[in-house]
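Secondary and tertiary structure notes
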Amino acid sequence: MKKTTPSAFNLAATAAGGLVLLFIVAPLAGMFLKCSGAELLETANDPEVRSSIIMTMAVSICGTLLFAIPSIPFAYLLARKNFPGKRLVTGIIDLPVVIPHSAAGIALLGLFARDTAMGSLAEKAGISFVGGHAGIMMAMAFVSLPFLINGARDGFAAVPEKLEKTALTLGASPARVFFTVSLPLAWRSV
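Thresholds applied
- Residues numbered from 1 in each chain as written.
- Predicted model: local features only at pLDDT ≥ 70, side-chain atom pairs only at ≥ 80, totals over all residues.
- Heavy atoms only, no water.
- Phe/Tyr/Trp six-rings, centres within 6.5 Å; stacked < 30°, edge-to-face > 60°.
- Helix = DSSP H or I, 4+ residues; strand = E, 2+ residues; numbered from the N terminus.
- Buried < 20%, exposed > 50% of the residue type's maximum accessible area, 1.4 Å probe, protein only.
- Patch = residues over 30% accessible without salt bridge, like charges linked within 9 Å, V, L, I, M, F, W, Y side chains within 5 Å.
- Areas by Shrake-Rupley, 256 points an atom, 1.4 Å probe, with all protein chains shown as cover.
- Salt bridge = Lys/Arg side-chain N within 4 Å of Asp/Glu carboxyl O.
- Core = buried A, V, L, I, M, F, W, Y, C linked by side-chain atoms within 4.5 Å.
- Contact = heavy atoms within 4.5 Å.
- Lys, Arg positive; Asp, Glu negative; His and termini not counted.
- Polar contact = N/O pair within 3.5 Å; in protein donor to acceptor, adjacent residues only side chain to side chain.

Glancing now at the packing of aromatic side chains. According to the stated counting rule, one finds five aromatic pairs in the structure shown. Consider the rings of Tyr76 and Phe156, whose centres lie 5.2 Å apart with planes at 85°: the pair is edge-to-face. On the criterion of sequence distance, the pair formed by Tyr76 in helix 3 (residues 47-80) and Phe156 in helix 7 (residues 133-158) is long-range, its members being 80 residues apart. Like Phe156, Tyr76 is buried. A ring pair is formed by Phe112 and Phe129, whose centres lie 4.4 Å apart and whose planes are at 35°; its orientation type is tilted. Placement of Phe112 in helix 5 (residues 101-112) and of Phe129 in the loop between helix 6 (117-124) and helix 7 is noted, with a sequence separation of 17 residues between them.

Structure (structure tokens):
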């Protein structure tokens, strides 16, 4: 096998990638290096910390499941259909990625605060967004929905349309095609 020398571009790209990875890893490594093993163990055994971690996991799983129900078929529609305003819709989907988290929180608070229509309806139903698990779930969903929708859309776009059309010609309904052909083939991306 012939050895080739890396090009200047590949070396520059590798160096840039190393800087990006260092930017991600250095703060995380710093947290662990500043704490002793005993301190980490003590923190991990703190009931309040464990409760917080369990609550975060449970709320994120519930939010993902709740928002996946409408988001996955929507992603399929975006992958398969062309319609006026589609580029605008995909741009709107990506907005939460570019909005700072603090601004997203303020925007959500403006929608779900107790003195708003949505907030007061939720309060009457016993759901508290401000300071409650429902609010945390909404905030998590707001910032993560673009990743779910875009990943699912890309997965559905990779499914060959001829497989779906074949199932339709064999008498399957569009819903059955979605659940038995498209979704299983795109599942890894979803």
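The next subject is a nonpolar patch on the surface. A cluster of nonpolar residues, Val20, Leu21, Phe23, Ile24, Val25, Leu28, Met31, Phe32 and Leu40, forms a patch on the protein surface that exposes about 920 Å² of accessible area. The greatest single-element share of the nonpolar patch, amounting to eight residues, is contributed by helix 1 (residues 8-34). Locating Leu40 in the fold gives a position in helix 2 (residues 37-45). By relative accessible area, Leu40 is classed as partly exposed at 34%.

Turning our eyes to something else, we now look at the nonpolar core. Judged by nonpolar contacts, the single largest core of 15 residues is most densely connected at Ile72, Ala75, Ile149, Phe156, Phe178 and Leu183. Elements with a contribution of two residues or more to this core: helix 3, helix 7 and helix 9 (174-186). No other element matches helix 3, which puts six residues into this core. With sequence-adjacent residues up to four places away left out, Leu183 is seen in contact with Ile72, Phe156, Phe178 and Val190. In this structure, Leu108, Phe112, Phe129 and Ala134 belong to the second largest nonpolar core, which totals six residues.

Relative to the assigned elements, Lys86 resides in helix 4 (residues 86-98). Buried charge Lys86 goes without a salt bridge, the closest partner of opposite sign being Glu161 at 9.5 Å. Here Lys81 takes part through its backbone oxygen, which lies 2.9 Å from a polar atom of the side chain of Lys86. Not counting residues within four places of it along the chain, the set of residues in contact with Lys86 comprises Leu78 and Lys81.

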